[in-house]
Amino acid sequence: MKTEADGEDCGASESASNLDPASDLEPTSDGQLFSSDFSEIETEDSDDDWKETNKSGLDALNTGDGPFGCTVCGKRFSLAEHLNRHMMSHSENKPFSCPVCGKGFHQKRNVQVHMKNHTGDLPFSCSVCGKRFGYKGILERHMTSHTGEKPFDCTVCGKGFGLKGHLQRHMKLHTGEKPFGCSVCGKRFTQRGTVVTHMRSHTMEKPFSCSVCGKRFSQSGTLGTHMRNHTGEKPFGCSVCNKSFSQRGALITHMRSHTGERPFSCSVCGKSFVQKCNLKTHLRIHTGEKPYSCNVCGKRFTRLSNIRGHKCCTEAAAAEAAGGGEQSCWLR
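Everything numeric here is computed off the predicted structure, so don't read it as measured data.

## Some thoughts on the overall build of the chain
- The helix and strand tally for the chain stands at 13 helices and 19 strands.
- When each of the 332 residues of the chain is scored for burial, the buried share is 39%.
- With the model as given, the accessible surface of the chain reaches about 17700 Å², and the carbon-plus-sulfur share is 51%.

See below:
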């Protein structure tokens, strides 16, 4: 007996967006935000890297009770010039661009950080997995993926985070703050970097290509995860049974098989699930949504697995086996 969704909407493993029970980056996160190693997650410009490598950066300048407050996110600063610099993070204007790939940045020093990806100047290496980085601060950030250290706790729900920036991003889930909007469809997001990625769902831009098979991706992190299919790299190991995974999200999902944790619960009936995608499928029972339809008889289904076992589909499969040609019997 199946107690959860068959997983047809989940993919091979849990995506990065699903690692946070309340997170919902939407179209792109549901489809392609698979960079489960957060050191590879694409941001709007490398601001996170800059904060990690320069401890006297804007985080340090943010006193929390200064006289100058940001009208967008509410952060406060002790000096007006620090506020002005911070306001650039909300602006769409990116006056500094990479001479190699053309990516835009708010600050010149962020271009310098980014350029190390092109020059290969990566002097700092991880003693666990061997991955190399251009700055010591980025290596230190990466190391938390191995140590599991989470020194930053949410004051609302108690969830721990390895980086202060991740805690700040998480807090927006409690406040409901979504200051960044898509200029095409109006959808709003908690992070500007998510808007940049989301826009590619409108433009169909896929700027990152695999050097082995040529497949293209909308995010660099998704490409990095894809490359492990070619290299066979599985850097994320289970501390209980020693099973290894290519994505950190897959490891986190796997760990729930040991802990019994089911963090995603239905707000209607209270049933709990291991993965967010299973909860989404379950919710269709309550909403009546049936996104899959048979293109032969028009009957609609809540799950793709159900339509595959539908009479029209089984007959179509038999016809195909008999030489009737290929034709999918379901539509979405």
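On we go.
## What about the nonpolar core?
- If you look at the biggest cluster of nonpolar residues, it comprises 6 residues: Tyr 292, Cys 294, Phe 301, Leu 304, Ile 307 and Cys 312.
- When contributions to this core are tallied by element, the ones reaching two or more residues are strand 17 (292-294) and helix 12 (304-308).
- In this structure, Cys 238, Phe 245, Ala 250 and Leu 251 belong to the second largest nonpolar core, which totals 5 residues.

## Some thoughts on helix 8 (residues 192-203)
- Across its 12 residues, helix 8 extends 17 Å between first and last C-alpha, which sits within 8% of the 16 Å expected from 1.5 Å per residue.
- Arg 192, Gly 193, Thr 194, Val 195, Thr 197, His 198 and Arg 200 are the residues of helix 8 that are buried.
- Met 204 sits one or two positions beyond helix 8 and adopts a positive phi of about 65°.

## A closer look at unusual backbone geometry
- Unusually for a residue other than glycine, Met 204 sits at a positive phi of about 65°.
- Among the structural elements, Met 204 can be located in the loop between helix 8 and strand 11 (208-209).
- Taking relative accessible area as the criterion, Met 204 reaches 59% and is therefore assigned exposed.
- Positioned with a positive phi, Asn 242 is a non-glycine residue whose angle comes to about 70°.

## Remarks on the pattern of salt bridges
- Taken as a whole and assessed by the stated rule, the structure comprises 5 salt bridges.
- Note that Glu 261 and Arg 256 form a salt bridge whose closest N and O atoms lie 3.9 Å from each other.
- The residue Arg 284 makes a salt bridge to Glu 289 at a minimum N-O spacing of 3.9 Å.
- Judged by relative accessible area, Arg 284 falls into the buried class, the value being 7%.
- Residue Glu 289 is classed as partly exposed on the basis of its relative accessible area, which comes to 42%.

## Structural notes on the confidence of the model for the chain
- When pLDDT is averaged along the chain, the result is 74; 73% of the residues meet or exceed 70.
- The least confident element of the chain, judged by mean pLDDT, is helix 1 (residues 27-31) at 30; the most confident is strand 16 (residues 272-273) at 92.
- Residue range residues 1-9 is modelled with pLDDT below 50. Its contacts to residues more than four positions away, or to other chains, number 22 contacts.
- Note that pLDDT drops below 50 for residues 11-63; the model gives that stretch 163 contacts with residues more than four away or on any other chain.

## Comments concerning helix 4 (residues 80-87)
- Of the residues making up helix 4, those classed as buried are His 82, Leu 83 and His 86. The buried residues of helix 4 occupy one face: seen down the axis, they fall within an arc of 100°. Every exposed residue of helix 4 that faces more than 90 degrees away from the buried side is listed here: Glu 81 and Asn 84.

## Quick look at the environment of Lys 178
- Structurally, Lys 178 is set in the loop between helix 7 (164-175) and strand 9 (180-181).
- Setting aside anything within four residues of it in sequence, one finds Lys 178 in contact with Arg 188, Phe 189 and Thr 190.

## Considering the state of the cysteines
- One pass over the structure, following the stated rule, counts 0 disulfides.
- In this structure Cys 129 is a free cysteine whose sulfur lies 3.7 Å from that of Cys 126, the closest cysteine sulfur available.
- Of all cysteine sulfurs, the one in Cys 154 lies closest to Cys 157, which takes part in no disulfide; the gap is 3.7 Å.

## Side note on the environment of Val 195
- By secondary structure assignment, the location of Val 195 is in helix 8.
- Val 195 sits 12 residues away from Ser 183 along the chain, and the two C-alpha atoms are 9.2 Å apart.
- Those residues within four positions of Val 195 in sequence are excluded, and the remaining contacts are Phe 180, Gly 181, Cys 182 and Phe 189.

## So, the environment of Thr 222
- Along the polypeptide, Thr 222 turns up in helix 9 (residues 220-231).
- Taking the C-alpha atoms as reference points, Thr 222 and Phe 208, 14 residues apart in sequence, are found 8.8 Å from one another.

The rules behind the values
Here, residues in each chain are numbered from 1, in the same order as that chain's written sequence. In keeping with the predicted nature of the model, local features appear solely for residues at pLDDT of at least 70, side-chain atom pairs appear and are counted solely at 80 or more, and the whole-chain, interface and lining totals rest on all residues. Processing note: side-chain calculations cover all non-hydrogen atoms of the structure and skip hydrogens and water entirely. Helix and strand definitions here come from DSSP, where helices need a minimum of 4 consecutive H or I residues and strands a minimum of 2 consecutive E residues; each element is numbered from the N-terminal end. Using a 1.4 Å probe on the protein chains alone, a residue whose accessible area is under 20% of its type maximum counts as buried, one over 50% counts as exposed, and one in between counts as partly exposed. Every accessible area reported is derived by Shrake-Rupley at a probe size of 1.4 Å, with residue values counting cover from the shown protein chains alone. Buried Ala, Val, Leu, Ile, Met, Phe, Trp, Tyr and Cys residues form a nonpolar core when they are joined through side-chain atoms within 4.5 Å. Given a helix with a known number of residues, its expected span is that number minus one, times 1.5 Å. Each reported salt bridge corresponds to a side-chain nitrogen of Lys or Arg within 4 Å of a carboxyl oxygen of Asp or Glu. Per-residue confidence from the predictor is given as pLDDT, running between 0 and 100. Working rule for contacts: check all heavy atoms of both residues, and any pair within 4.5 Å makes them a contact. Directions pointing from the helix axis toward each C-beta atom define the arc. When two cysteine sulfur atoms are found within 2.5 Å, that pair is recorded as a disulfide.

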